[in-house]
Every structure is written in structure tokens, then in C-alpha cells.
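Take a look at the letters that make up each chain.
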Amino acid sequence: MRDTVESPVASVDRALRILALIGGAPTGLSLDELAARLDIPKSSLHRILAALKFRKFVAQPESGGAYFLGTELLATAFRFHEMLDLRALIHPLLVRLSGELNETTHMAVLDGAEIVYQDKIDVATHSIKMSSIIGGRNPAHATGVGKALLAWTYPTDEAIRAWTAQWEPLPRPTKRTVRSAAQLADELARVREQGYAIDVEENEIGVRCAGVPIFLGRPVPAAAVSITLLGARAEVHRLHELGQYLRSVVADWSEVPLP
């Protein structure tokens, strides 16, 4: 819930704020600490915590001690992630992006050294001819969605060098594709700084795109989405504009600011 928007149900909002705060405290939080950080009267806070404890969404191993996330909340979260249909969840976002921009959009996941396209919306008016198909694969280091995934899945130069060593020699679909681990590490550092990746004909001549990761509460991206354009219509500055726009839309869609 955004701080600038008043919750329609204050008690539910308080319970969710409590869970979010406890979820960020691996050593737990006391009643006094929760009351101070949330600015909720202790009497109200105690009643909400009692209800959460009853449903096992919050645990208090020692009487009067710290509160932790409960087993039922964790089980619910794990069940959700195990059963999550990424395509069903993210497809409406692709529909929105394609509708607003009148451009082709993709959603992909990382699989080793490649990305696998899980969804795609073609814009027939532009008739972009490209190799991407749902279920198809491309080199991760040569695509916008792939670089968006790699940048946060392997968030250090050392991790990227280890990944590159595992999969080298990296394929070079075009002359623009990165050549080495050092070059890729530099590129992914820029991606993390910007919050988005761009592909300037690195996978296919004439095809350019901007991509951003989608985390869904995970420490590494669950997927990435991209906007794809023909090279003739996509100057580099336009790709950066689209990357910033895409980052903003995804952050709004997920209601979780991107790193």
C-alpha cells in the first residue's frame, strides 16, 4: 500500500504493516519496538498480534519475547511461489505495455546461459520479424531480458566471471554482442545502475529492445519483460527512454520499487 493513499480498512492495513516489518527482522521484534516503529498504540497492537498469532501468521516463541513471522504465513508464501503461473500473472502487464506503446513485448526467464520466452505480444502493424517465439531460446548475454536477469541474478563482477567461465565460449550472434567476461561485467554494472538493460542489435540485426527484471519479492528476478523495436525506429536515446519508462511501469505494477 502506498504511503500517499489512505487504506480503506485501517485495521487490515495495520496488520499488513506489522507483517511487513516483522518480515524484515530476522531476529524478531518486541512489542515495544513494533509500537515505536509503527506508531500504533500498544493496546491496539497487542490485539492485532493476538489475532495474527491465532492464525499462525505471527509467532512468539517466548512469552513476552520477540515476534517472528509464523509458520502458516511462510507456508502460504511458499505454496504461492510453487504454484505461481508467471505467464498468467505477467501477461496483463505485457498487454498494457503493448497497448500503450504499440510495440512488441516479451516476458522471459533465465535458464543457464539462455533465456526462455514465456510470453510474447506481437504488434501486427509493425510486423517485426524476429526469431523469438514462446518457448524459444536466445543467449542471455545478448538480449535485453537476458541482461536484466543476469545483472541481479549474478550481482557482482566475480559472480559474472564465474558464470561466464561455466558457459564459455559465449556465442556472438552479431558483431555487437559482448566479447568477454570483463565486457559483460561492465555492461551489467551499468544495467544495475540504470535499473534496465538495452540490446542494440546484439542478438539480431535490426532488432533493438529495453528490458527490466521482475522480482515478485524474491532476492533474484523471477522473470524479465522487454519492449522491442525495429532498429530503424529505435535510436539509442529512445531505448534509454523506453528503459526508464518500463522500469517505472513495472515498479508501479508490482508496487515494489526496483533496486
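Heads up: these notes are all about the structure in this document. Just so it is clear, the structure is predicted and the values come from calculations on it, not from any experiment. (Residues numbered from 1 in each chain as written. Predicted model: local features only at pLDDT ≥ 70, side-chain atom pairs only at ≥ 80, totals over all residues. Heavy atoms only, no water.)

### Some words on the overall build of the protein chain
On a plain count of helices and strands, the protein chain comes out with nine helices and eight strands. The dimensions of the protein chain, computed from C-alpha atoms along their principal axes, are 65 × 40 × 30 Å. Within the span of the protein chain, comprising 259 residues, buried residues form 45% of the whole. Of all intrachain contacts in the protein chain linking residues separated by at least 6 positions in sequence, the fraction that spans at least 24 positions is 58%. Per element, the accessible surface of the protein chain, about 13600 Å² overall, is 55% carbon and sulfur. (Helix = DSSP H or I, 4+ residues; strand = E, 2+ residues; numbered from the N terminus. Buried < 20%, exposed > 50% of the residue type's maximum accessible area, 1.4 Å probe, protein only. Contact = heavy atoms within 4.5 Å. Areas by Shrake-Rupley, 256 points an atom, 1.4 Å probe, with all protein chains shown as cover.)

### A short note on the nonpolar core
Membership of the largest hydrophobic core comes to 26 residues, with the highest contact counts inside it found for L86, I90, L93, M107, V225, L246 and V250. Those residues in contact with L246, other than ones at most four positions away along the chain, are L97, A210, G211, V212, V225, S226 and I227. Listed in part, the 22 residues of the second largest apolar core include L150, W152, I160 and A185. (Core = buried A, V, L, I, M, F, W, Y, C linked by side-chain atoms within 4.5 Å.)

### So, the packing of helix α6 (residues 144-153) against helix α8 (residues 181-194)
In contact at an axis separation of 9 Å, α6 and α8 are set at 90° when each is read in the N-to-C sense. As the angle between them shows, α6 and α8 are arranged roughly perpendicular. Residue-level contacts link K147, A148, L150, A151 and W152 of α6 to E187, L188, V191 and R192 of α8. Among the residues making up the contact of α6 with α8, the classes are represented as six nonpolar, no polar and three charged. (Axes fitted to C-alpha atoms, helices over the stretch in contact; angles between N-to-C directions. Parallel < 35°, antiparallel > 145°, perpendicular 65-115°, else oblique. Nonpolar A, V, L, I, M, F, W, Y, C, P; charged D, E, K, R; others polar.)

### So, unusual backbone geometry
At the junction of E168 and P169, the peptide bond is cis and its omega measures out at 0° in the coordinates. Note that P169 resides in the loop between α7 (157-167) and α8.

### A word on the pairing of strand β6 (residues 197-200)
Residues A197 and D199 line one face of β6 and the alternating positions I198 and V200 line the opposite face, and both faces are buried. Judged from the four bridges that link them, β6 and strand β7 (residues 207-214) form a sheet pairing that is antiparallel. Across the sheet, residue V200 finds its bridge partner in β7, namely R208. The hairpin formed by β6 and β7 contains six residues between the paired strands, and E201 there has a positive phi angle of roughly 55°. (Pairing = 2+ DSSP bridges.)

### Some remarks on the packing of helix α2 (residues 31-38) against helix α3 (residues 42-54)
Here α2 crosses α3 at 115°, and the two axes come no closer than 10 Å. Crossing angle aside, the handedness with which α2 passes α3 is right-handed. Contacts between α2 and α3 involve L31, D32, L34, A35 and L38 from the former and K42, L45, H46 and L49 from the latter. For the contact of α2 with α3, the per-class residue count stands at six nonpolar, one polar and two charged. (Left-handed = near helix turned anticlockwise from the far one by under 90°.)

### Quick word on α7
Burial in α7 covers these residues: I160, W163 and T164. One side of α7 holds all its buried residues, which, seen down the axis, span an arc of 100°. Projecting away from the buried face of α7 at angles above 90 degrees are the exposed residues E158 and Q166. Buried residues along α7 sit against α6 and α8. (Arc of directions from axis to C-beta.)

### As for a nonpolar patch on the surface
Judged by side-chain polarity, V9, V12 and L16 come together as a nonpolar surface patch covering roughly 250 Å² of accessible area. Within the fold, V12 resides in helix α1 (residues 10-23). (Patch = residues over 30% accessible without salt bridge, like charges linked within 9 Å, V, L, I, M, F, W, Y side chains within 5 Å. Salt bridge = Lys/Arg side-chain N within 4 Å of Asp/Glu carboxyl O.)

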